[in-house]
Amino acid sequence: MWETDPKSFSARFGLTDRATLHFRCTAEHLEARCDGGRDIKENVVAACQYCNGNRHKRKRPQDAVSYIELVRSRMKQGRWLPIRLIVGRPMHAGSNQ
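Here goes a summary of the coordinates provided. In this text, all values refer to a predicted model and were calculated from it rather than measured experimentally.

### Topic: the layout of surface pockets
In this model, the second largest pocket occupies a volume close to 230 Å³. In this structure, the second largest pocket is lined by Glu-28, Leu-30, Val-45, Ala-46, Ala-47, Cys-51, Asn-52, Arg-55, Ala-64, Tyr-67, Ile-68 and Val-71. Every element with two or more residues in the lining of the second largest pocket is listed here: β2 (44–48), α3 (49–57) and α4 (64–76). Considering every element that reaches the lining of the second largest pocket, the biggest residue donor is α4, with 4 residues. Residue classes in the lining of the second largest pocket are distributed as 9 nonpolar, 1 polar and 2 charged.

See below:
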C-alpha cells in the first residue's frame, strides 16, 4: 500500500497509474460508520482502497471477521487481488515484492 507517493509505488511494482489507485492506504472501519461505527482506534484499521471498497459493495456486505476469513482463504489459494489490477509481473497480497 502507499499513502503519499503513488509514483514510486507504481514504478516499484510495474503498475499503471490507474491500477496504483487501488492500492492507496485507507482507513477501514470494522463497524461501518453508517451502522454506528465510531472513529476510534479500536474500530479503524489500514486497508487498501480495493479491499475497503469491495467489502462494502458485496450483495451482502460481510462483517469484519467474516471478511478477514474470506481474504485469508483466497490468499492461501493465490486468488486475492484480481490479476486485472496487475500490469507486468504478477503480484499477490502477502508477497514480499
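We are not done yet, so read on.
### Looking at α3
Three- or four-residue spacings in an α-helix give side chains the same orientation, since the helix completes a turn every 3.6 residues. Here α3 has its buried residues at Tyr-50, Cys-51, Asn-52, Gly-53 and Arg-55. In this fold, the buried residues of α3 make contact with β1 (25–29), β2 and α4.

### Things to note about α4
In this model, α4 (13 residues) spans 18 Å end to end at C-alpha, consistent with the 18 Å of a helix rising 1.5 Å per residue. Looking at α4, one finds that the buried residues are Ala-64, Tyr-67, Leu-70 and Val-71. Axial view of α4: buried residues confined to an arc of 120°, hence all on one face. In α4, those exposed residues whose orientation departs by more than 90 degrees from the buried face are Val-65, Glu-69, Arg-72 and Lys-76. Buried residues along α4 sit in contact with α3. Capping of α4 at its N-terminal end is provided by Asp-63; its side-chain oxygen lies 3.0 Å from the backbone amide nitrogen of Val-65. Note on α4: the residue one or two positions beyond its end, Gly-78, has a positive phi of about 70°.

Cut-offs used in this document
- Residues numbered from 1 in each chain as written.
- Predicted model: local features only at pLDDT ≥ 70, side-chain atom pairs only at ≥ 80, totals over all residues.
- Heavy atoms only, no water.
- 1 Å grid on protein atoms, 1.4 Å probe; cavity = no way out; pocket = protein on both sides within 12 Å on 5 of 7 lines; lining within 4 Å.
- Points joined across faces, edges and corners; volume = space filled by probe spheres on them.
- Helix = DSSP H or I, 4+ residues; strand = E, 2+ residues; numbered from the N terminus.
- Nonpolar A, V, L, I, M, F, W, Y, C, P; charged D, E, K, R; others polar.
- Buried < 20%, exposed > 50% of the residue type's maximum accessible area, 1.4 Å probe, protein only.
- Contact = heavy atoms within 4.5 Å.
- Expected span 1.5 Å × (residues − 1).
- Arc of directions from axis to C-beta.
- Polar contact = N/O pair within 3.5 Å; in protein donor to acceptor, adjacent residues only side chain to side chain.

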